[in-house]
Amino acid sequence: MPVSVHSVIATNLATTGFYRNVSRRRIGSSSVNCSVETKETDRWAKLKNGNDSLEICRVLNGMWQTSGGWGKIDRNDAVEAMLRYADAGLSTFDMADHYGPAEDLYGIFVNRVRRERPPEYLEKIKGLTKWVPPPVKMTSSYVRQNIDISRKRMDVASLDMLQWDYANDGYLDALKHLTDLKEEGKIKTVALTNFDTKRLEIILENGIPVVSNQVQHSIVDMRPQQRMAQLCELTGVKLITYGTVMGGLLSEKFLDANLTIPFAGPSLNTPSLQKYKRMVDAWGGWSLFQGLLRTMKSIATKHGVSIPTVAVRYILDQQGVGGSMIGVRLGLAEHIQDANAIFSLVLDDEDVNSIKEATKKGKNLLQVIGDCGDEYRRV
């Protein structure tokens, strides 16, 4: 009896822990008290706050790369790539209203999932988005109107997560309106992005039921492990991290690369590479960064994985971290194997101590830049 492609997918998902206690079947046509629970070889995390909860894959697919600057995105190729990531158990996608067509691509993708995958598969698909409005007064009607736009673009009745960006000073008003929309069922969970510790504490004191704060966090940028992690430990709010592989700088591609001679090495030809090269410069410079890369390569070789895999594993193991993001260039490049290797990688004490020895040679970015998100607020 021939085996259908959907049966193969079901088998693959079972090996990644995608299905739990569900029956196999043929698929048709094509203040605050939060916590995190991890299971299935560390793949899933449940962000919780009271009655609100959202289960996510701890390695998230970041969709900033769809906004331009990383290569032209073909809609059909991008959606096919999203399906491949989800089929491999990497089922959580992070986007924003201003990431070009990201929300629209998710809407097309989730419709494909509804038509071509079983209901239990759809339950694992999560779309986390952000709304970054201009600096205007945050009225209830204005917030509602814009959330409805994201719901329509993503083709969902309820947004899995709406992450509010600190760029707008009216954050308390906006978060209260978003909480009202959550109570109406238009949003499942409310979260933050780029908030510093002081403002996060203010939000929690105002009884806003946020479940996470998305911040920049990498082996080079350990700022969240200073002030922010302590507050997260006390309140249970979890961190979702981005910039964890520094746009690709934390990879074999840039090991022993000479950036001082034009065309002698890989170019910094994307917005993310340029952004995180500035972080390297603030931390200690390219020569010091090469020493860190050599340490990371040694650990990666020891475990038979890549440098990015080590980089993400290290951050996932940090206090308060619920998940870490890896940017995806949908239809242009894939890193599914490296991403899935993160879940089976265990860094031993020797690995951790080696990384700490290498990173402590650089500057403390909390003293250089400030707290989480302050890099966007500096004049």
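A quick note: this is a predicted structure, and the numbers were derived from the prediction, not measured.

Would you mind going over helix H5 (residues 140-154) with me for this structure?
The α-helix advances 3.6 residues per turn, and as a result positions three or four apart in sequence lie on the same side. A rise of 1.5 Å per residue sets the reference length of H5, with its 15 residues, at 21 Å; its end C-alpha atoms lie 21 Å apart and thus fit the reference within 8%. Here the buried face of H5 lies against helix H3 (102-116), strand S6 (126-131), strand S7 (159-165), helix H6 (171-183) and strand S8 (187-193).

Mind showing me how you'd approach the pairing of strand S9 (residues 210-216) here?
If a strand is regular, its side chains alternate between the two faces of the sheet. With 7 of 7 residues buried, S9 lies mostly within the body of the structure. Note that S8 and S9 share 3 bridges and pair parallel. Bridge pairing links Val190 to Val210 in S9. Crossover S8 to S9 through helix H7 (residues 197-205) is right-handed. Note that S9 and strand S10 (residues 238-242) share 5 bridges and pair parallel. Counterpart to Asn213 in the pairing with S10 is Leu239. Following the chain from S9 across helix H8 (residues 227-235) to the adjacent parallel S10, one finds a crossover that is right-handed.

Which parts of the structure should I look at to understand the environment of Leu316?
You can see Leu316 is positioned in helix H11 (residues 307-316). Under the relative-accessibility criterion, Leu316 is labelled buried at 3%. Sequence separation between Leu316 and Arg58 is 258 residues, and the spatial gap between their C-alpha atoms is 7.9 Å. If near-sequence neighbours (up to four positions away) are discounted, Leu316 is found in contact with Arg58, Val59, Val321, Gly323, Ser324 and Ile342.

I would appreciate a short explanation of the layout of surface pockets in the present structure.
Rolled over the atoms, a probe as big as a water molecule pinpoints where empty space is left. For the largest pocket, the calculated volume is near 1,100 Å³. Residue lining of the largest pocket: 48 residues in total, with Gln65, Gly247, Gly248, Ser272 and Gly327 positioned closest to the centre. Counting residues per element, the ones that place at least two in the lining of the largest pocket are helix H9 (271-283), H11, strand S11 (321-327) and helix H12 (336-341). Looking at the lining of the largest pocket, the element that brings in the most residues is H9, giving 4 residues. Among the residues making up the lining of the largest pocket, the classes are represented as 21 nonpolar, 18 polar and 9 charged. Considering only enclosed or pocket space, the second largest pocket measures out at about 200 Å³ in volume. The wall of the second largest pocket is formed by Tyr106, Val110, Arg114, Leu122, Glu123, Ile125, Lys126, Val156, Ala157, Ser158, Asp160 and Lys188. Of the residues forming the lining of the second largest pocket, the biggest block, 3 residues, is contributed by H3.

Sorry, what's going on with the state of the cysteines here?
Covalently bonding the sulfur atom of one cysteine to the sulfur atom of another cysteine gives a disulfide. Counting across every chain of the model gives 0 disulfides. For Cys232, which is in no disulfide, the shortest distance to another cysteine sulfur is to Cys372 and amounts to 8.4 Å.

Whenever I open this one, the packing of helix H10 (residues 286-303) against helix H13 (residues 349-359) confuses me. Can you help?
When two helices pack together, their arrangement is given by the angle between their axes and by how far apart the axes lie. Two numbers describe how H10 lies on H13: the axes approach to 9 Å, and their chain directions differ by 170°. Accordingly, the angle class assigned to the pair H10 and H13 is roughly antiparallel. Residues Leu292, Thr295, Met296, Ile299, Lys302 and His303 of H10 form the contact with H13, whose own contacting residues are Glu350, Asp351, Ser354, Ile355, Ala358 and Thr359. For the contact of H10 with H13, a count of residues per class yields 5 nonpolar, 4 polar and 3 charged.

Criteria and thresholds
- Here the residue index of a chain counts from 1 through its sequence in written order.
- pLDDT decides what is reported in this predicted model: residues at 70 or higher carry local features, side-chain atom pairs at 80 or more are listed and counted, and totals for whole chains, interfaces and linings draw on all residues regardless.
- Side-chain figures throughout are based on the complete set of non-hydrogen atoms in the structure, without hydrogens or water.
- Counting from the N terminus, the helices are DSSP H or I runs at least four residues long and the strands are E runs at least two residues long.
- An expected span of 1.5 Å times one less than the residue number is assigned to each helix.
- Working rule for contacts: check all heavy atoms of both residues, and any pair within 4.5 Å makes them a contact.
- Exposure classes here rest on a 1.4 Å probe applied to the protein chains alone. A residue is buried below 20% of its type maximum, exposed above 50%, and partly exposed in between.
- In this description, strands pair whenever DSSP reports at least two bridges between them.
- The crossover handedness rule: strands pointing away from the viewer, path from first strand over the helix to second strand clockwise, crossover right-handed.
- Lining residues are defined by having an atom within 4 Å of a point belonging to a cavity or pocket. Those points lie on a 1 Å grid over the protein atoms alone, cavities being sets where a 1.4 Å probe fits but cannot get out and pockets being open sets with protein on both sides within 12 Å along at least five of seven lines.
- Grid points are joined across faces, edges and corners, and a volume is the space filled by probe spheres set on the points.
- All amino acids are sorted into three groups, where Ala, Val, Leu, Ile, Met, Phe, Trp, Tyr, Cys and Pro are nonpolar, Asp, Glu, Lys and Arg are charged, and the leftover types, Gly among them, are polar.
- Disulfides are defined as pairs of cysteine sulfur atoms found within 2.5 Å of each other.
- The convention used is that axes are lines fitted to C-alpha atoms, helices contributing only their stretch in contact, and that angles between N-to-C directions extend from 0 to 180 degrees.
- Should an angle fall under 35 degrees it is called roughly parallel, over 145 degrees roughly antiparallel, and 65 to 115 degrees roughly perpendicular, with every other angle called oblique.

All we've got here are geometric facts, nothing functional implied.
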